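Listed below are the residues making up each chain.
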Amino acid sequence: MSVSLTNVWKTYGEGPTAVHALAGVDADIPSGDFTVILGPSGSGKTTMLNLIGGIDDVTSGDLIVEDVKLTGLEADDRTSFRRNQVGFVFQFFNLIPTLTATENVELVANLTMHDGAERATEVLEQVGLGDRLDHFPAMLSGGEQQRVAIARALAKSPPVLLCDEPTGELDFETGRLILGLLRQVNRELGQTVLLVTHNAAIGEMADRVLRMRSGEIVEDRSNASPIEAEELIW
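Residues numbered from 1 in each chain as written. Predicted model: local features only at pLDDT ≥ 70, side-chain atom pairs only at ≥ 80, totals over all residues. Heavy atoms only, no water.

**Here's the deal with the overall build of the chain**
So the rule is basically this: Segments assigned H or I by DSSP are reported as helices when at least four residues long, segments assigned E as strands when at least two residues long, and all are numbered from the N terminus. All radius of gyration figures rest on C-alpha atoms, and the globule criterion is 2.2 Å times the number of residues raised to 0.38. Only heavy atoms enter the contact rule, under which two residues are in contact if any of them lie within 4.5 Å. Computed by Shrake-Rupley with a 1.4 Å probe, the accessible areas treat only the displayed protein chains as cover when residues are assessed.
Scanning the chain from terminus to terminus reveals 6 helices and 10 strands. For a compact globule of 234 residues, the expected C-alpha radius of gyration is about 17 Å, and the chain comes in at 17 Å, within 12% of that figure. Each principal axis of the C-alpha distribution contributes one length, and for the chain these read about 55 × 40 × 30 Å. In the chain, 68% of the contacts between residues at least 6 apart in sequence involve partners at least 24 apart. Total accessible area computed for the chain in this model is approximately 10,500 Å², and 49% of it derives from carbon and sulfur atoms.

Structure below.
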């Protein structure tokens, strides 16, 4: 799923106290790309991800995801877009503690298909958790919980996967495993992956790197030879 931003602004507030979280952003991300969005806190990278995912609305400019123009889309239509087209992976796993791994994933799978339980088992096995189906979050390691979160995002087979600091709560080795899994999903399923991080080293495994500062893209580069996740060092 391709993503196109043309002179996109996101402004909070009005008048002299207005904050421009995004200030005239232009970017074209081809379908199937693994793109890393780099920048410090407050640079606008998470705002950009939220706009692409339909969580928030653009103040001005054109934002098109595949053939859906998100600019000015009504809230109900953005909800439908999120439900059917986008998978989210966050820094915090956001699993429901009273539900098993299967039930956490099934909750999302049921939104878009009739047999959510079967799909939940399928994607949990895909992320290497076939032996943890009936485990509750408290019984899983941080890396395993993040894998459940990825399986949950994959459950509805979204064309685009949006990841906001997905390794932020993980140790180095586990973080690399999660990044490798996301890269594998990108390659095998052809999903467009946008990954937000402040960690510049992660950009070395991407097809494309967008570096942000003060609501603007200050660098847009492609990697001719992305390295594998297990080669990352930070």
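**A closer look at the pattern of salt bridges**
Note the cut-off: What makes a salt bridge here is a side-chain nitrogen of Lys or Arg within 4 Å of a carboxyl oxygen of Asp or Glu, nothing more. Burial classification: accessible surface area is computed with a 1.4 Å probe over protein chains only, and a residue below 20% of its type maximum counts as buried, one above 50% as exposed, and the rest as partly exposed.
A complete count under the given rule lists 12 salt bridges for this structure. Its salt-bridge partner being Arg176, residue Glu173 comes within 3.2 Å of it at the nearest N-O pair. With a gap of 3 residues between them, Glu173 and Arg176 both fall in helix α6 (residues 172–189), about one helical turn apart. Assessed through its relative accessible area of 16%, Arg176 is described here as buried. For Arg221, the salt bridge goes to Glu219, with nearest N and O atoms at 3.2 Å. Taking the relative accessible area as the measure of exposure, Glu219 reaches 26% and is therefore partly exposed. The structure contains a network of salt bridges with shared partners spanning Glu204, Arg211, Glu219 and Arg221.

**Structural notes on the packing of helix α5 (residues 142–154) against α6**
Note the threshold: To obtain each axis, a line is fitted to C-alpha atoms, and for helices this fit is confined to the stretch in contact; angles are then taken between N-to-C directions over 0 to 180 degrees. Angles below 35 degrees are treated as roughly parallel, those above 145 as roughly antiparallel, those between 65 and 115 as roughly perpendicular, and all remaining angles as oblique. Each crossing gets its handedness from the near helix: less than a right angle anticlockwise from the far helix is left-handed, clockwise is right-handed.
Relative orientation of the contacting elements α5 and α6 amounts to 20°, with a least axis distance of 10 Å. Taken together, the axis directions place α5 and α6 in an arrangement best described as roughly parallel. The hand of the α5/α6 crossing is right-handed. The residues of α6 that touch α5, namely those facing Gly143, Gln146, Arg147, Ile150 and Leu154, are Thr174, Ile178, Leu181, Leu182 and Val185.

**Focus on the packing of aromatic side chains**
Convention followed: Note on ring pairs: Phe, Tyr and Trp rings are taken, using the six-membered ring of Trp, and paired if centres are within 6.5 Å. Classes follow the plane angle, with under 30 degrees stacked, over 60 edge-to-face and the rest tilted.
One pass over the full model with this rule turns up 2 aromatic pairs. Judged by centre distance (5.7 Å) and plane angle (5°), the rings of Phe88 and Phe90 are stacked. Take Phe88: its relative accessible area is 17%, and that puts it in the buried class. For Phe90, a relative accessible area of 31% gives the class partly exposed. Relative to Trp234, the ring of Phe172 lies with its centre 4.9 Å away and its plane at 85°, an arrangement referred to as edge-to-face. You can see Phe172 sitting in helix α6 and its partner Trp234 sitting in the segment after β10 (216–222), a full 62 residues away along the chain. On the accessibility criterion, Phe172 (29% relative accessible area) is partly exposed.

**Digging into the sheet that holds strand β2 (residues 19–29)**
This is how the line gets drawn: Only when DSSP finds a minimum of two bridges between them are two strands counted as paired.
The antiparallel open sheet is built from 4 strands, whose spatial order is β2-β1-β4-β5. The sheet is open, and its two borders are formed by β2 and β5 (68–69), each paired with just one other strand. Of the pairings in the sheet, the one linking strand β1 (residues 3–12) to β2 comprises 8 bridges and is antiparallel in character. Paired with Val3 across the bridge in β2 is Ile29. Running over the sheet, helix α1 (residues 45–52) touches β1, β2 and β4 (60–65) and is turned about 115° from β1.

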